[in-house]
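Analysis of the macromolecular model
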Amino acid sequence: MRRTIAVVAVALLAATAGCSALVGTSNPTADKPGDVSQPTDGEGAARTVAVGAGGQVSTAPDRAVVRVAVTARADSVETVRQRLAENASRMREALGEAGLSPEQITSARYDIGRNYEHEDRPSAPKFEGHHAFVVTLDEPDRAGEVVVVTVRNGATNVDEVRFTVSPETRRELRERALSRAVENARGEAAVAANGTGLELAGVRTVQTGSVSVEPIRQRDVAFATAGGGDGGGGVPTSFGGGKVTVGAQVTVVYNATSTNG
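Now for a description of the structure that goes with this document. (Residues numbered from 1 in each chain as written. Predicted model: local features only at pLDDT ≥ 70, side-chain atom pairs only at ≥ 80, totals over all residues. Heavy atoms only, no water.)

Some thoughts on the side chain of T150
Mapped onto the secondary structure, T150 falls in helix α3 (residues 143-152). With near-sequence residues (within four places) excluded, T150 lies in contact with V68, M91, L95 and A155. (Helix = DSSP H or I, 4+ residues; strand = E, 2+ residues; numbered from the N terminus. Contact = heavy atoms within 4.5 Å.)

Shown next as structure tokens:
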């Protein structure tokens, strides 16, 4: 006599591992977390456990990115252009003397336009220009030094100091994060299966998701422009430490068998 197999679905929330699991009879369109396959008649219906899990790895940064800008105002576009060029050249030369290569200093934005302050205050210059730069360092400890060099030699704004990891380090950490995500998925799938009278019977599919990098950001660095770029008191500019976190997501679908025979 044939009997109907009811679908048993268990959703687990794993706050520490970012995991979710779902147990049910198999359906090609339902093998992902959050979907429940429709029950089918017959003892041969396959069962699956689908788990979405995340893994994270943290490390000290091995790269710093400093974003600075040169600005100028004047009553003529040509004067603005000349001042931007002079300050940018002075800044680049100073960074070169500090040991940075031209490849480490790249232009991010250049524009000259109306100074809207002039509309409300006619005595203000008519035009303003901005030339933004990105300075990339493979020695993160030099970020403070670079900030001081730039503001002492033409830079008028320090927009951001960001500590992150190089592409090579990112690839290595991604592999480790994926490995942890798979481990987390296995653990959550085992709990889900055990709680519903099932036993895992091998991996059916694995799908990797997005990889995230959480850098360390220092945005409030305007103080570096005061007092000649040394914080106003002769103390070298420096930034606090921290860890860069790389995260990865996976979705794993496991085959399962009933422990009830």
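Notes on the sheet that holds strand β7 (residues 157-164)
With antiparallel pairing, five strands are arranged side by side in an open sheet as β5-β6-β4-β7-β9. Looking at strand neighbours, the two that pair on one side only are β5 (105-114) and β9 (216-218), the edges of this open sheet. Strand-to-strand twist in this sheet, taken as the mean axis angle between neighbours without regard to direction, amounts to 15 degrees. The sheet contact formed by strand β4 (residues 63-74) and β7 spans seven bridges and is antiparallel. Paired with V66 across the bridge in β7 is V161. Each of β4, β5 and β6 (127-137) touches helix α1 (residues 77-97); the most contacted strand, β4, lies at about 150 degrees to it. (Pairing = 2+ DSSP bridges. Axes fitted to C-alpha atoms, helices over the stretch in contact; angles between N-to-C directions.)

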